[in-house]
Amino acid sequence: MADGIFRDGIVQDGIFKDGDLIRVISQEGALIAAGGAASLLQTAHPKVAQGVYDHSYTADDPARRLRNTMGWLYVVQFGTREEAETLSALVTKGHESITGPGYEANDPELQVWVASTLFAVATQFYQLLFRRTFSERELDEFYRQTKIYATILGCPEERMPATYRDFRVYYAGMLNSLKISDASRAVAEQVLHPKLPGGPLNAPGLMMIRLLTAGMMPEPIRVQYGWKWSKAREMRFRLLVAALAAVYPRLPVRVRTLPREVYLHSTRKMLSKVKRKPAIRVRSS
């Protein structure tokens, strides 16, 4: 999966190469709009929710939380191997302090669930946005690549469902067994009604995000969150997705990938000041 990235005349390896589905899909900045669905699927797990509620700065600084999350994802997907391993080591170190009654951020159980939601939501939204249906071979390829979201943070690969078919069994079981908590609902309120500069100016965009989040949320979880879902709201969701699918893919690639460039630039500036031995090294394949 390694490719050469030119920097200062030196070829450096990335974990993935151009053409890998994880890069083809994740380069699309519009996927950030589906971040609410991924985030609230993650916190549908009560242990994840409690950790976020007790330790996260989502409520106080949602823009910083988004910047840090997207910076890590883009570095893992598009950065050099050294960048990905170094930043992931910092994330793992930071997670060591995120513990409480019954939960630890570095628990493989939670790492598997978080990685699974990132795969599921990206797959769902990309197919809606580009009016494309992935083959099972493509789904299996993309799923195997997204295991990196857990394994680079120290999760043993054998804890992950081995194949896409195994993932489907695991994911369906989780959706039908999770019991969301009061912490889950509190975090959902923070995510869907964030404190952002600009106040009322953000209202139209946030309404769109809330509609996308509810529309993409699997029904068993949406019901537990208590979100109303009527035929009229479903129609608005379908119209929104149709409008995005009609416009977004026709934008220049440079525009669609601008968020990646912005987040990568700021994250690399931060990494340039850090010198730390990676805790986890990713095997080449």
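Residues numbered from 1 in each chain as written. Predicted model: local features only at pLDDT ≥ 70, side-chain atom pairs only at ≥ 80, totals over all residues. Heavy atoms only, no water.

*Asks:* How should I be thinking about the overall build of the chain in this particular structure?
*Replies:* Broken down by element type, the chain carries 15 helices and four strands. In terms of overall size, the chain behaves like a compact globule, its C-alpha atoms giving a radius of gyration of 18 Å where 285 residues would be expected to give roughly 19 Å. Once the C-alpha set of the chain is aligned to its principal axes, its extents read approximately 55 × 50 × 45 Å. Going through the 285 residues of the chain one by one, you find that 47% of them count as buried. A total of about 14,700 Å² of accessible surface is found on the chain, and carbon and sulfur atoms cover 57% of it. For the chain, the distance from the average position of its 39 positive side-chain charges to the average position of its 28 negative side-chain charges is 5 Å. (Helix = DSSP H or I, 4+ residues; strand = E, 2+ residues; numbered from the N terminus. Rg over C-alpha atoms; globule rule 2.2 N^0.38 Å. Buried < 20%, exposed > 50% of the residue type's maximum accessible area, 1.4 Å probe, protein only. Areas by Shrake-Rupley, 256 points an atom, 1.4 Å probe, with all protein chains shown as cover. Lys, Arg positive; Asp, Glu negative; His and termini not counted. Charge placed at Lys NZ, Arg CZ, Asp CG, Glu CD.)

*Asks:* What should I look at first to understand the packing of helix H4 (residues 62–78) against helix H5 (residues 81–95) in this one?
*Replies:* In contact at an axis separation of 8 Å, H4 and H5 are set at 145 degrees when each is read in the N-to-C sense. Here H4 and H5 pass one another in a crossing that is left-handed. Between H4 and H5, the residues in contact are Gly-71, Trp-72, Val-75 and Val-76 and Glu-83, Ala-84, Leu-87, Ser-88 and Val-91, respectively. Class assignment of the residues belonging to the contact of H4 with H5 gives a composition of six nonpolar, two polar and one charged. (Axes fitted to C-alpha atoms, helices over the stretch in contact; angles between N-to-C directions. Left-handed = near helix turned anticlockwise from the far one by under 90°. Contact = heavy atoms within 4.5 Å. Nonpolar A, V, L, I, M, F, W, Y, C, P; charged D, E, K, R; others polar.)

*Asks:* So what exactly am I meant to see when it comes to the pattern of salt bridges here?
*Replies:* Where charged atoms of side chains with opposite charge meet at close range, the side chains can pair. One pass over the full model with this rule turns up 14 salt bridges. A salt bridge links Arg-165 to Glu-136, with the shortest nitrogen-to-oxygen separation between them at 2.4 Å. In this pair, Arg-165 sits in helix H9 (residues 164–177) while Glu-136 sits in helix H7 (residues 136–146), placing the two residues 29 residues apart along the sequence. The class of Glu-136 is partly exposed, set by a relative accessible area of 37%. (Salt bridge = Lys/Arg side-chain N within 4 Å of Asp/Glu carboxyl O.)

*Asks:* In this structure, what is going on with a nonpolar patch on the surface? I would like to understand it.
*Replies:* A cluster of nonpolar residues, Val-247, Leu-251 and Val-255, forms a patch on the protein surface that exposes about 230 Å² of accessible area. One can find Val-255 in helix H14 (residues 253–256). According to the relative accessible area criterion, Val-255 is partly exposed, its value standing at 45%. (Patch = residues over 30% accessible without salt bridge, like charges linked within 9 Å, V, L, I, M, F, W, Y side chains within 5 Å.)

*Asks:* Help me understand unusual backbone geometry, please; the structure alone is not making it clear to me.
*Replies:* Of all residues except glycine, most have a negative phi; of all peptide bonds, most are trans. Unlike most non-glycine residues, Arg-131 shows phi in positive territory, near 50 degrees. Secondary-structure assignment places Arg-131 in the loop between helix H6 (108–130) and H7. By relative accessible area, Arg-131 is classed as exposed at 59%.

*Asks:* How do you make sense of helix H15 (residues 258–271) when you look at a structure like this?
*Replies:* For the α-helix, the turn length of 3.6 residues means that residues three or four positions removed from each other point alike. Between its first and last C-alpha, H15 extends 20 Å over 14 residues, near the 20 Å set by a 1.5 Å rise per residue. Residues of H15 that are buried include every one of Arg-260, Tyr-263, Leu-264, Thr-267 and Leu-271, and no others. Burial along H15 is one-sided: seen end-on, the buried residues are contained in an arc of 100 degrees. Of the surrounding secondary structure, the elements contacted by the buried residues of H15 are H4 and H5. (Expected span 1.5 Å × (residues − 1). Arc of directions from axis to C-beta.)

*Asks:* How should I be thinking about the packing of aromatic side chains in this particular structure?
*Replies:* For any pair of aromatic rings, the description rests on two quantities: the centre-to-centre distance and the angle between the ring planes. Under the defined criterion, the tally for this structure stands at 17 aromatic pairs. Each ring, one from Phe-119 and one from Phe-142, has its centre 5.3 Å from the other, and the planes form 50 degrees; the classification is tilted. Pair noted here: Phe-119 is in helix H6 and Phe-142 is in helix H7, with a separation of 23 residues, a long-range link. Residue Phe-119 shares its accessibility class with Phe-142, and that shared class is buried. Relative to Trp-227, the ring of Tyr-225 lies with its centre 4.7 Å away and its plane at 5 degrees, an arrangement referred to as stacked. Of the two residues, Tyr-225 and Trp-227, neither departs from the other in class, the shared state being buried. (Phe/Tyr/Trp six-rings, centres within 6.5 Å; stacked < 30°, edge-to-face > 60°.)

*Asks:* I keep staring at H4 and nothing clicks. Help me out?
*Replies:* Taking 1.5 Å per residue as the helical rise, H4 with its 17 residues ought to reach 24 Å, and the 24 Å between its terminal C-alpha atoms agrees with that figure. If you check which residues of H4 are buried, you get Pro-62, Met-70, Gly-71, Trp-72, Leu-73, Tyr-74, Val-75, Val-76, Gln-77 and Phe-78.

*Asks:* Is there a simple way to think about the environment of Phe-78 in this case?
*Replies:* You can see Phe-78 is positioned in helix H4. Remark: the alpha-carbon pair of Phe-78 and Ile-22, spanning 56 residues in sequence, is separated by 9.2 Å.

*Asks:* Would you explain the packing of H6 against helix H13 (residues 231–247) in this entry?
*Replies:* Two packed helices can be described by the angle between their axes and the distance between those axes. The interhelical angle for the contact between H6 and H13, taken along N-to-C directions, is 70 degrees, at an axis separation of 7 Å. Between H6 and H13, the angle falls in the class roughly perpendicular. Contact residues: H6 offers Phe-125, Leu-128 and Leu-129, while H13 offers Phe-237, Val-241, Leu-244 and Ala-245. (Parallel < 35°, antiparallel > 145°, perpendicular 65-115°, else oblique.)

*Asks:* Please explain the environment of Arg-23 as it appears in this structure.
*Replies:* Topologically, Arg-23 is positioned in helix H1 (residues 21–26). Considering only alpha carbons, one finds Arg-23 and Gln-77, 54 residues apart in sequence, at a separation of 6.3 Å. From its side chain, Arg-23 meets the backbone oxygen of Gln-77 in a polar contact 2.9 Å long. (Polar contact = N/O pair within 3.5 Å; in protein donor to acceptor, adjacent residues only side chain to side chain.)

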